[in-house]
Amino acid sequence: MALRSVTGAGAPEPGCAALVLELSSSTAEVRAALGQVTEALGRGGYCAHARNCAELVLAEALNNIVEHAYAGQGPGRIRLWLQGVPGAIRLELRDRGRPMPDLALPEGRLKPLGHDGDLPEGGFGWYLIRRLAAEVSYRRVGGENVLRLVLESGPAAGDRG
Amino acid sequence: MKLTCRGTEPQVISVGEPRIDAAVAIQFKDAMRAMLSPEAERVILDLSQVEFIDSSGLGAVVAVKKAMGASQRLDLAGLTPMVDKLFRLTRMDTIFALYPTLVEAEATEVAPLPLGGGSGG
C-alpha cells in the first residue's frame with residue numbers, strides 16, 4: 001500500500017497544521033510519514049525543536065506499532081492524524097494490530113545503563129515518548145489501538161523533568 | 001549505508017546519511033563492523049551529517065560499541081542538536097564521550113582505557 005495523504009493542509013497561519021495519513025506498517029513508510037509530518041509542521045511555523053521532538057516521539061510510536069502490534073502478521077494499516085494548534089502538537093495513531101500487554105502503556109523507565117558488556121541496545125522508545133510528550137493516552141476500541149500524544153511547542157517545551 | 005573512513009589512530013568513520021533509524025539500523029551496524037579497525041585504540045564516529053537518530057539507531061550505535069574490543073574506545077563527534085539531545089536524554093553521555101565537532105574530538109588527547117590490554121600503537 002502506498003503512503004497516501006488523505007488530506008493535506010496549507011496551514012497559512014503560524015502555529016497551525018493538519019494532516020491525515022494512512023500508511024502500511026513498514027519502516028520505509030514510517031520514514032516517509034515522518035517526513036510528511038515534519039514538513040507540515042514546518043509549513044505551520046513550528047520551530048525546529050518542536051518539529052524534532054514531534055518527529056522522535058512519532059518515530060518511536062510508529063516503530064512500536066511496526067515491531068510489536070503488527071509483529072509477525074505481515075503489513076498492517078496505520079492511520080495518523082496530526083493537529084497542530086498554537087502551543088501544542090496533537091497526534092493520534094490507530095492500528096488494528098495486537099493490543100498493548102494488559103491494555104496499558106509501558107512505563108518506559110530508563111534501565112540502569114551498566115557497563116560495556118551489559119549495555120542495553122533497546123527499550124528506549126517508551127522512555128523517550130514519555131519524556132518528550134506532555135500527554136500520552138492509550139485505549140483499545142473496537143479492535144483498534146488508539147494512541148494519543150500531545151507535545152507542547154511553546155518556549156522551553158519538549159524537555160520535561 | 002554510506003560510511004567513509006580515514007586514519008588509523010584515531011580511526012575516523014564518517015556517516016554519510018541523514019538518518020540512522022529503524023529502516024537502516026541493521027545496515028549501519030553491519031557496515032560499521034566491517035569498517036572498524038581491530039587495531040585502532042580510538043575510533044571517532046563523525047555524525048555531523050546525521051540529522052535524526054531514533055531508538056533503533058541508538059541501539060545500533062550501542063551494539064557497535066559492544067562489538068569492539070575492551071581496549072578500544074568509541075567517541076562520538078559532530079552531534080546535531082536532536083542527536084545530541086537523544087544521547088543525553090538516554091544518559092548515553094555517561095557511556096560515550098560526545099564532542100560538538102570532529103575537530104574538537106581530534107584535538108582532544110585521550111588516555112588509553114584502563115580495561116584490557118591496550119598495547120599501544
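Residues numbered from 1 in each chain as written. Chains lettered and ligands numbered in written order. Predicted model: local features only at pLDDT ≥ 70, side-chain atom pairs only at ≥ 80, totals over all residues. Heavy atoms only, no water.

Stated formally: UniProt positions are given in the numbering used here, feature names are shortened, and annotations may be inferred rather than shown by experiment.
The name recorded for chain B in an unreviewed UniProt entry is Anti-sigma factor antagonist, from Alloyangia mangrovi. According to UniProt, the comment filed for chain B under the heading Sequence similarities (unreviewed entry) is "Belongs to the anti-sigma-factor antagonist family."

Under the annotation held in an unreviewed UniProt entry, chain A carries the name ATP-binding protein and is attributed to Alloyangia mangrovi.

## Points about the overall build of chain A
Cut-off, in case you're wondering: Runs of E in the DSSP output that reach at least two residues are strands. Runs of H or I that reach at least four are helices, and both are numbered from the N terminus. Think of it in three bands: residues with accessible area under 20% of the maximum for their type are buried, residues over 50% are exposed, and the middle band is partly exposed, with areas taken using a 1.4 Å probe on protein chains only. Contacts are assigned to residue pairs that have any heavy atoms within 4.5 Å of one another. Note that accessible areas follow from Shrake-Rupley with a 1.4 Å probe, and for residues the cover is restricted to the protein chains shown.
A tally of regular secondary structure across chain A gives three helices and six strands. Seen in sequence order, chain A has helices and strands lined up from the N terminus as β-β-α-α-β-β-α-β-β. Looking at chain A as a whole, 47% of its 161 residues are labelled buried. Partitioning the contacts of chain A with sequence separation of at least 6, the portion at a separation of at least 24 is 62%. By element, 53% of the accessible surface of chain A is carried by carbon and sulfur atoms, the whole surface being about 7500 Å².

## Examining the pairing of strand E4 (residues 88-95) of chain A
All names here are of chain A. For clarity, the threshold we go by: DSSP-based pairing: two strands are paired if at least 2 bridges between them are found.
Taken across its eight residues, E4 has seven buried, putting it largely inside the fold. Note: strand E3 (residues 77-85) against E4, eight bridges, orientation antiparallel. Bridging across to E4, Leu80 finds its partner in Leu93. Taking the residues between adjacent antiparallel strands as the criterion, E3 and E4 are bridged by two residues, where Gly87 takes a positive phi near 90 degrees.

## Quick look at the confidence of the model for chain B
Close inspection of predicted coordinates is inappropriate for parts of the model with low pLDDT. Just so we agree on the cut-off: Every residue carries a pLDDT, the predictor's confidence in it, which falls somewhere between 0 and 100.
Residues of chain B with pLDDT of at least 70 account for 92%, and the chain-wide mean is 92. Note on residues 116-121 of chain B: pLDDT under 50 across the span, and six contacts to partners over four residues away in sequence or across chains.

## Side note on the interface of chain A and chain B
Selection criterion: Buried area: the accessible area, evaluated with a 1.4 Å probe, that two parts lose upon being put together, summed over both parts. Here a salt bridge means any side-chain nitrogen of Lys or Arg lying within 4 Å of a carboxyl oxygen belonging to Asp or Glu. Two N or O atoms form a polar contact when they lie within 3.5 Å of each other; inside protein one atom must be a possible hydrogen donor and the other a possible acceptor, and for residues adjacent in sequence the pair counts only when both atoms belong to side chains. Think of it as three bins: nonpolar holds Ala, Val, Leu, Ile, Met, Phe, Trp, Tyr, Cys and Pro, charged holds Asp, Glu, Lys and Arg, and polar takes everything else, Gly as well.
Contact residues are listed per partner, giving 29 residues for chain A and 27 residues for chain B. Between chain A and chain B the total buried area reaches about 2300 Å² when both faces are included, carbon and sulfur atoms providing 63% of it. Counting the contacts that link chain A with chain B gives three salt bridges. With its nearest N and O atoms 3.1 Å apart, the salt bridge here joins Glu121(A) to Lys66(B). Taken together, the connections running from chain A to chain B amount to seven residue pairs in polar contact (both at pLDDT 80 or more). For the side of chain A that touches chain B, the secondary-structure elements that each account for two or more residues are helix H1 (27-43), helix H2 (48-69) and helix H3 (125-132) of chain A. Here the side of chain A that touches chain B is built from residues that sort into twelve nonpolar, eight polar and nine charged.

## Overview of the pattern of salt bridges
Residue and element names in this part refer to chain A. This structure, assessed with the given rule, holds 17 salt bridges over all chains. Between Glu39 and Arg43 there is a salt bridge whose closest N-O contact spans 3.2 Å. Here Glu39 and its partner Arg43 are both found in helix H1, four residues apart, which amounts to about one turn of the helix. Take Arg43: its relative accessible area is 38%, and that puts it in the partly exposed class.

## With respect to the packing of aromatic side chains
Working definition: an aromatic ring pair is given by the centre-to-centre distance plus the angle between the planes. Residues and elements named next belong to chain B. Rule in force here: Pairs were defined over the aromatic rings of Phe, Tyr and Trp, the Trp ring being its six-membered one, requiring ring centres within 6.5 Å. Orientation was assigned from the angle between planes: stacked under 30 degrees, edge-to-face over 60, tilted for the rest.
Under the defined criterion, the tally for this structure stands at one aromatic pair over all chains. Measuring from centroid to centroid gives 6.0 Å for Phe87 and Phe96, while their planes differ by 90 degrees, and the two rings are edge-to-face. The exposure class assigned to Phe87 is buried, which follows from its relative accessible area of 0%.

## Structural notes on the sheet that holds strand E4 (residues 42-46) of chain B
Residues and elements named next belong to chain B. Read from one edge of the open sheet, five strands run E1-E2-E4-E6-E7, paired in mixed fashion. The sheet terminates laterally at strand E1 (3-6) and strand E7 (98-99), the two strands that pair on one side only. Bridge count for E1 against strand E2 (residues 11-15) is four bridges, and the pairing is antiparallel. Each bridged residue has a counterpart across the sheet, and for Arg6 the counterpart in E2 is Val12.

## Notes on the environment of Val103(B)
Residues and elements named next belong to chain B. Turning to its location among the elements, Val103 is positioned in helix H4 (residues 102-107). For Val103, a relative accessible area of 64% gives the class exposed. Separated by 25 residues in sequence, Val103 and Gly78 have C-alpha atoms that sit 8.7 Å apart.

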